[in-house]
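Descriptive analysis of the structure
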Amino acid sequence: MKFKLLVSVSRSLLLARWKQTLVAAIGVTFSITMFIALLSFMSGLNEMLDNLIINRTPHIRLYNEIQPSKHQPVNASAEYRHHHNFISSVKPKNGRLEIYNSGPIMKALKKDARVLGIAPKITAQVFYNVGAIDITGVINGIDVEAENSLFSFHDYVTSGNYIDLKNIPNSIVLGKGAAEKMMAGIGDVIQVTTSKGERMQLKVVGYFQSGLQDIDKVQSYASINTTQKLLGESNNYITDVQVKLKNIMQAPQLAKEYRQLFEVEAIDIQTANSQFETGSSVRSIISYAVGITLLVVAGFGIYNILNMMIYEKMDTIAILKATGFSGKDVNRIFISIALTIGIFGGLLGLLFGFSLSFLIDHIPFNTAALPTIKTFPINYNPRFYIIGAVFSIVTTYFAGYFPSRKASKIDPVIIIRGK
Amino acid sequence: MNGKILEAVNISKHFHDPVDIQVLKDINFSVQRGEFVSVIGKSGCGKSTLLYILSTMDTDYTGDLLIDGSSMRNKKEAELARARNEKIGFVFQFHYLLNEFSVLRNVMLPGLKLATYPEKEVEQRAYEKLKILGIESEALKKPNQLSGGQKQRVAIARALINDPLIIMGDEPTGNLDKKNSEVVFNIFQELSQTYNQALLIVTHDNEFAARTNRIIEMEDGKIIRM
Ligand SMILES: Nc1ncnc2c1ncn2[C@@H]1O[C@H](COP(=O)(O)OP(=O)(O)O)[C@@H](O)[C@H]1O
Ligand SMILES: [Mg+2]
């Protein structure tokens, strides 16, 4: 009952100055709209850029690294045991990049409930022979089907059919940049030389385009069998095991576990790509900062309008007090005016924000670097809407706080005597 | 039906700005239930100041104020607001109606605030009060569509809505012409006689004062006759 009365008084005061109220509400609407659109767009962009990496990067990569020999003869000497020894006469030997026991490791990984899937891989350093010139390159030997199901391989094979890589023996999918340099068309046969000097002819069955130019100039894909043949290795030669997890957040911890369990090197995606996280978070911080600034400005608008309203409604406030409304009631009346502006403006802002995002989402955005993207990316995360709603209410509350306090302190005697 | 409903005990008041002056000096008097009292005195003798203290709106005084037997000293702002709402009806020299609300709603507001009755019943009662004052036909108009005399009658209806112990008026006819003053005064007299309503009315109209039950005359912040 009492609440209803206060609301009805607020509404009457509001409607008596509906133009100013509308301007204040539009301020909130505008800032919330921009807040939502900006964050949705920024985070869509972040997500797209992250996906550029995340979708094609294993959550954990198991590999072998050539490491310095840990046992140096000088350490064995009793005389120098407690000295600082810096002589390292024994160099790393037998630089095998192969993962030992790759078969059992892969079997164990497949059984692990936390693992979504695995894809073995061989990285081979090669030279693409173009006439008299050799261009350095890398051939990734992949399990075509596993690679496709885990890392959407087919999205990035922009010409040709990715599955030909599996079905046609001695075939290769060339990086777009590399193919351009070699002027190799689909169906052409190119020649590569391995770092050990072996040569091989490979048939081009497609182009690969990752969106990262530097990668496309160097990398190509072949099937595991072809790569093993190219390197002259047996058919259990694997240099990398790529692991995709059900929960990406577990990667650092599992990488540590696998490192100990399988006695191989294991690197998680977070460690390998920390610079992307930094970029994303800086972009988010900037968009939040801009959005919140807009809201604060809108808050000042509300503050001004309430102050003006209180100044104009001195008589009304004095009368309300003289007839039995307490300072607290008056305070609540003005707070509820502020909140009404905030809620109404905020709701419209959420709606317009969604509409604007939707519009941006349909603006065509074609770039050669991003073959899978057709329109501007938008992230419709409900979180932005919740933050927007909460913020519009919080800022209007604070904008209303001081004017309302001022109103509640008005002394009716001074006003009534003043006449 | 006798008993003090309002009692001023040694009420004094100073204004400190711009210089320290004492406007009220040891005011002592009481109002009985159903009594119609008028306060007269020269302009500037402190009548309004006294009335604002008696209405609990001004709390900056020494001495004590008893309303319905209970002291208003040391009460919190919200408690005073409640006392004003429930026990005192105030009529100002200027009508002071809220133009954002209809006449009916203006009369209802203190009743809705008190919330003894549900909204429907408050509305019913507001109509009754307007009828007593002969302006029920104006109920749905906005205050600024009424004449000065009508507005003052609406203000009286508003003062009556919670059946207060006492109605206070600070020169309620001061802004009205002779004819309208007469109407308002007749209303006060009717309220006093028919409804046994206590009234404490400040006026500069001695003719008016002569027709009340009791005259309190002030001079220089003191009561010289009562
Ligand atoms: N806010 C104030 N500050 C200082 N003096 C005041 C103030 N209000 C009223 N006064 C003085 O107090 C005295 C009494 O005023 P008031 O009660 O309004 O007189 P009345 O209503 O009898 O004409 C006057 O001399 C007036 O000048
Ligand atoms: Mg006066």
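Residues numbered from 1 in each chain as written. Chains lettered and ligands numbered in written order. Predicted model: local features only at pLDDT ≥ 70, side-chain atom pairs only at ≥ 80, totals over all residues. Heavy atoms only, no water.

1. So, helix 6 (residues 178-195) of chain B
Taking 1.5 Å per residue, 18 residues should reach 26 Å; helix 6 of chain B reaches 25 Å between its end C-alpha atoms and fits that length. Every buried residue of helix 6 of chain B is listed here: Asn180(B), Ser181(B), Val184(B), Phe185(B), Ile187(B), Phe188(B), Gln189(B), Leu191(B) and Ser192(B). (Helix = DSSP H or I, 4+ residues; strand = E, 2+ residues; numbered from the N terminus. Expected span 1.5 Å × (residues − 1). Buried < 20%, exposed > 50% of the residue type's maximum accessible area, 1.4 Å probe, protein only.)

2. A word on the pattern of salt bridges
Evaluated as defined, the whole model comprises 22 salt bridges over all chains. With a closest N to O distance of 2.6 Å, Arg17(A) and Glu312(A) form a salt bridge. You can see Arg17(A) sitting in the loop between helix 1 (2-16) and helix 2 (18-54) and its partner Glu312(A) sitting in helix 13 (residues 274-312), a full 295 residues away along the chain. Relative accessible area serves as the criterion here: at 40%, Glu312(A) is assigned to the partly exposed category. A salt bridge links Glu35(B) to Arg214(B); its shortest N-O distance comes to 2.8 Å. On the criterion of sequence distance, the pair formed by Glu35(B) in the loop between strand 2 (21-32) and strand 3 (36-41) and Arg214(B) in strand 9 (residues 214-219) is long-range, its members being 179 residues apart. Each member of the pair, Glu35(B) as well as Arg214(B), is classed as buried. (Salt bridge = Lys/Arg side-chain N within 4 Å of Asp/Glu carboxyl O.)

3. Things to note about the domain arrangement of chain A
Residues and elements named next belong to chain A. Examined at the domain level, chain A breaks down into domain 1 (3-54 + 276-418) and domain 2 (60-67 + 94-269). Computed from C-alpha atoms alone, the centre-to-centre distance between domain 1 and domain 2 is 52 Å. Where domain 1 abuts domain 2, roughly 690 Å² becomes buried across the two surfaces, and 66% of that area is made up of carbon and sulfur atoms. Summed over the shared surface of domain 1 and domain 2, the number is zero salt bridges. The interface formed by domain 1 and domain 2 contains zero residue pairs in polar contact (both at pLDDT 80 or more). Along the lines of polarity and charge, the residues of the side of domain 1 that touches domain 2 split into six nonpolar, one polar and no charged. (Domains from an automatic or database assignment. Buried area = accessible area lost by both parts, 1.4 Å probe. Polar contact = N/O pair within 3.5 Å; in protein donor to acceptor, adjacent residues only side chain to side chain. Nonpolar A, V, L, I, M, F, W, Y, C, P; charged D, E, K, R; others polar.)

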